[in-house]
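Next come the chains, spelled out residue by residue.
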Amino acid sequence: MSHRPPPIRFVSTVFLLSGGLALATAPPALAELLINPQGWRFPNIVTSAKEAIRVSDRTPLIPGKETITKGYRKADGTRFMTYEIEGKIFGVEIDTDGKPPFEFSIMDTDGDGKFETKIIHGPENTDRAYVPQWVIDYYYSVHPNLKKPSTEARPTSPSLTTANQPPGTAGDAAQGKKEPPPPEVADRPNP
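This structure is a prediction, so every number in the text was calculated from the model and none was measured. (Residues numbered from 1 in each chain as written. Predicted model: local features only at pLDDT ≥ 70, side-chain atom pairs only at ≥ 80, totals over all residues. Heavy atoms only, no water.)

### Observations concerning the overall build of the protein chain
Next up, step 1: On a plain count of helices and strands, the protein chain comes out with 3 helices and 10 strands.
Next up, step 2: Put simply, the protein chain runs from its N terminus to its C terminus through helices and strands in the order β-β-β-β-β-β-β-β-β-β-α-α-α.
Next up, step 3: Within the protein chain, the proportion of its 191 residues that are buried is 38%.
Next up, step 4: Across the protein chain, every contact between residues at least 6 apart in sequence was considered, and the portion connecting residues at least 24 apart equals 48%.
Next up, step 5: For the protein chain, the exposed surface amounts to about 11,200 Å²; the carbon and sulfur share of it is 56%. (Helix = DSSP H or I, 4+ residues; strand = E, 2+ residues; numbered from the N terminus. Buried < 20%, exposed > 50% of the residue type's maximum accessible area, 1.4 Å probe, protein only. Contact = heavy atoms within 4.5 Å. Areas by Shrake-Rupley, 256 points an atom, 1.4 Å probe, with all protein chains shown as cover.)

### Regarding helix 1 (residues 133–142)
Next up, step 1: Where helix 1 is concerned, the buried positions are Trp134, Val135, Ile136, Tyr139 and Tyr140.
Next up, step 2: Looking at the buried residues of helix 1, the elements they touch are strand 7 (79–85) and strand 8 (88–95).

### Here we look at the nonpolar core
Next up, step 1: Core analysis: the largest hydrophobic core is formed by 13 residues, its most contacted members being Ile62, Ile85, Phe90, Val131, Val135 and Ile136.
Next up, step 2: In terms of residues, this core owes the most to one element, helix 1, which gives 5 residues. (Core = buried A, V, L, I, M, F, W, Y, C linked by side-chain atoms within 4.5 Å.)

### Some points on the confidence of the model for the protein chain
Next up, step 1: Averaged over all residues, the pLDDT of the protein chain equals 74, while 60% of them reach at least 70.
Next up, step 2: Confidence drops under pLDDT 50 across residues 9–26; counting only partners more than four residues distant or on other chains, this segment forms 28 contacts.
Next up, step 3: Low pLDDT, under 50, characterises residues 155–178; the predicted model gives this stretch 37 contacts beyond four residues in sequence or across chains. (pLDDT = per-residue confidence, 0-100.)

### Examining the packing of aromatic side chains
Next up, step 1: Scanning all chains against the criterion turns up 4 aromatic pairs.
Next up, step 2: Note on Phe42 and Phe115: the rings are 5.0 Å apart at their centroids and 55° apart in plane angle, and the pair reads as tilted. A residue pair is termed long-range when its members are at least 10 positions apart, and Phe42 in the loop between strand 4 (32–35) and strand 5 (49–56) and Phe115 in the loop between strand 9 (104–107) and strand 10 (117–120) qualify at 73 residues.
Next up, step 3: Classification of Phe42 by relative accessible area gives partly exposed; the value is 29%.
Next up, step 4: Geometrically, the ring pair formed by Tyr83 and Phe90 is tilted, given 6.4 Å between the ring centres and 35° between the ring planes. (Phe/Tyr/Trp six-rings, centres within 6.5 Å; stacked < 30°, edge-to-face > 60°.)

### Brief notes about unusual backbone geometry
Next up, step 1: With omega at 0°, the peptide bond leading from Pro100 into Pro101 counts as cis.
Next up, step 2: Along the polypeptide, Pro101 turns up in the loop between strand 8 and strand 9.
Next up, step 3: We note that Glu86 has phi near 55°; this positive angle belongs to a residue other than glycine.
Next up, step 4: Owing to a relative accessible area of 37%, Glu86 belongs among the partly exposed residues under this scheme.

### Things to note about the environment of Ile89
Next up, step 1: Secondary-structure assignment places Ile89 in strand 8.
Next up, step 2: Remark: the alpha-carbon pair of Ile89 and Thr69, spanning 20 residues in sequence, is separated by 9.5 Å.
Next up, step 3: The contacts of Ile89, once residues within four sequence positions are left out, are Phe42, Ile45, Thr82, Tyr83, Glu84, Phe115 and Trp134.

### Looking at the pairing of strand 9
Next up, step 1: Burial along strand 9 is two-sided: the residues Phe104 and Ile106 and Ser105 and Met107 are all buried.
Next up, step 2: Two strands pair when backbone bridges link them, and strand 8 and strand 9 are joined in this way by 4 bridges, in the antiparallel orientation. Each residue of the ladder has a partner; that of Glu93, found in strand 9, is Ser105.
Next up, step 3: Here strand 9 pairs with strand 10 via 4 bridges, running antiparallel. By the bridge assignment, Met107 is partnered in strand 10 with Thr117. (Pairing = 2+ DSSP bridges.)

### Let's talk about the pattern of salt bridges
Next up, step 1: Following the criterion strictly, the structure yields 4 salt bridges and no others.
Next up, step 2: For Lys148, the salt bridge is made with Asp137, and the minimal N-O distance between the two is 2.5 Å. Linking Lys148 in the loop between helix 1 and helix 2 (170–174) with Asp137 in helix 1, this pair joins segments that are 11 residues apart in sequence.
Next up, step 3: With relative accessibility at 31%, the residue Asp137 sits in the partly exposed group. (Salt bridge = Lys/Arg side-chain N within 4 Å of Asp/Glu carboxyl O.)

So, in structure tokens, the structure goes:
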């Protein structure tokens, strides 16, 4: 059996320099990000019981209630919810112990069909799945009669990063700026 290296982990920490000392401050409660270029395992919708369907407004960049949320329960009691716009699923929240809250989300942040970003939810953070730009672009491609908002009107990126985070970390991944993974990560099989 071959050994697979762990996924890439991003944890945000802010350091302040005061009189030559580096002090760790308590950053805002941010989610931990795990990046797996091969994609995280998507739950099996076919063998799960559908429990709920809701429509909600998850982005101000698309008018009205645009996101369809579908809730499912697996035979072992675990639950998950999919998020989709115009038939494109971009995020899934997963509850592994069968009771609230959801422990993590997986997201397809670039529209390649791989859910490469895992957002670990913690009791103190409010970070959750967001609507990636590729979904918004797709929405306007199938609705050419609607005027796409200008780039100036776009809200700030989700709070999955801090302003002091160095380049090449979770901040770049959350904003769609991906660097190629190291060869030892890229060659791993899909979990």
